[in-house]
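# Coordinates in review
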Amino acid sequence: MGIIQNVEQFFENLWTNVLKPDVQEAEQVVGVFFQSAETAVENELGVEGLKIVTDAVSAAETSGGTGLQKLAAAQSAIANDLSAANLANVAQNTINVAIEGAVAQLKTLQTQQQSSGTQAAGTDTSNGASASTTGSAP
């Protein structure tokens, strides 16, 4: 279970069994939590550390394997590269949040690229007008 799922489960339990807030209060709590997590990641890792995490996640995704294999590969690369960059004292939960963020960004980018590719594949703009390529050939 990823860190985001653990956080969601924690807050769901907290809201349902302890706080029972209304929707607006719940949104505020989540907003503050994620803003704090983002700030912690930025402060602890900095630009260099964030690049290390992003590069490791991209490499792990490219290499393939199961989700656990990719996570292990990314964590190993991150640990080695952070140590080499003299950023070895970063808390593991900060690294995990950064990994989740990098994975989310990568998936968003892939979705956008697929969407752009689908649109480009279905449109012929050579004569300045759009024409669907799904019909029969002339």
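Higher on the page you've got the structure.
These figures come from a predicted structure and were not determined experimentally. (Residues numbered from 1 in each chain as written. Predicted model: local features only at pLDDT ≥ 70, side-chain atom pairs only at ≥ 80, totals over all residues. Heavy atoms only, no water.)

### A few points about the layout of surface pockets
Gaps left between atoms show up when a probe the size of a water molecule is rolled over them. Selection criterion: Buried and open spaces are told apart on a 1 Å grid over the protein atoms alone, a cavity being a set of points where a 1.4 Å probe fits but cannot get out and a pocket being an open set with protein on both sides within 12 Å along at least five of seven lines. Residues with an atom within 4 Å of a point are the lining residues. Grid points are joined across faces, edges and corners, and a volume is the space filled by probe spheres set on the points. Helix numbering and strand numbering both begin at the N terminus, where a helix is a DSSP run of H or I of at least 4 residues and a strand a DSSP run of E of at least 2. In the scheme used here, Gly and all other residues not listed as nonpolar or charged are polar, with Ala, Val, Leu, Ile, Met, Phe, Trp, Tyr, Cys and Pro taken as nonpolar and Asp, Glu, Lys and Arg as charged.
In this structure, the largest pocket occupies an estimated 490 Å³ of space. Residue lining of the largest pocket: 22 residues in total, with A37, E38, V41, V97 and A98 positioned closest to the centre. The set of elements that each furnish at least two residues to the lining of the largest pocket consists of α1 (3–19), α2 (23–63) and α4 (92–121). At 11 residues, the largest contribution of residues to the lining of the largest pocket is made by α2. A breakdown of the residues in the lining of the largest pocket according to their chemical character gives 13 nonpolar, five polar and four charged. Counted as a void, the second largest pocket has a volume near 410 Å³. In terms of lining residues, the second largest pocket is bounded by 18 residues, among which G67, L71, I99, E100 and V103 are the most central. Tallied by class, residues from the lining of the second largest pocket come to 10 nonpolar, four polar and four charged.

### Focus on the nonpolar core
Quick reminder of the rule: Here, nonpolar core means buried Ala, Val, Leu, Ile, Met, Phe, Trp, Tyr and Cys residues that are tied together by side-chain atoms lying within 4.5 Å of each other. Relative accessible area decides the class of each residue, using a 1.4 Å probe on protein chains only: under 20% of the type maximum gives buried, over 50% gives exposed, and in between gives partly exposed. By definition in these notes, contact holds between two residues if any of their heavy atoms fall within 4.5 Å.
The biggest cluster of nonpolar side chains holds 17 residues, and the ones touching the most others in it are L45, V53, V57, I78, L82, I95 and I99. Elements represented by at least two residues in this core include exactly α2, α3 (67–84) and α4. If you tally residues by element for this core, the top one is α2, at seven residues. Apart from residues no more than four positions distant in its own chain, I95 is found in contact with I78, L82 and V90.

### A look at the pattern of salt bridges
What counts, and what does not: When a carboxyl oxygen of Asp or Glu lies within 4 Å of a side-chain nitrogen of Lys or Arg, that pair is called a salt bridge.
All told, the structure shown has two salt bridges when counted by the stated rule. Between K51 and D55 there is a salt bridge whose closest N-O contact spans 2.8 Å. Of this pair, K51 and D55 both sit in helix α2, four residues apart, which is roughly one turn of that helix. Across the salt bridge formed by K70 and E61, the nearest N and O atoms sit 3.2 Å from each other.

### Some words on α3
Stated formally: To estimate the expected span of a helix, count its residues, drop one, and scale the result by 1.5 Å. Arc, as used here, means the arc of the directions from the helix axis to the C-beta atoms.
In a regular helix each residue adds 1.5 Å, so 18 residues correspond to 26 Å; α3 covers 26 Å between its end C-alpha atoms and thus fits that length. The set of residues buried in α3 consists of K70, A74, I78 and L82. The buried side chains of α3 occupy one side of the element, clustering within an arc of 85° when seen end-on. α3 presents L68, N80 and A84 as exposed residues on the side facing more than 90 degrees away from its buried surface.

### So, the side chain of T94
Within the fold, T94 resides in helix α4. Accessibility expressed as a relative area gives 5% for T94, which makes it buried. Setting aside chain neighbours within four positions, we find T94 in contact with A40, V41, E44 and L45.

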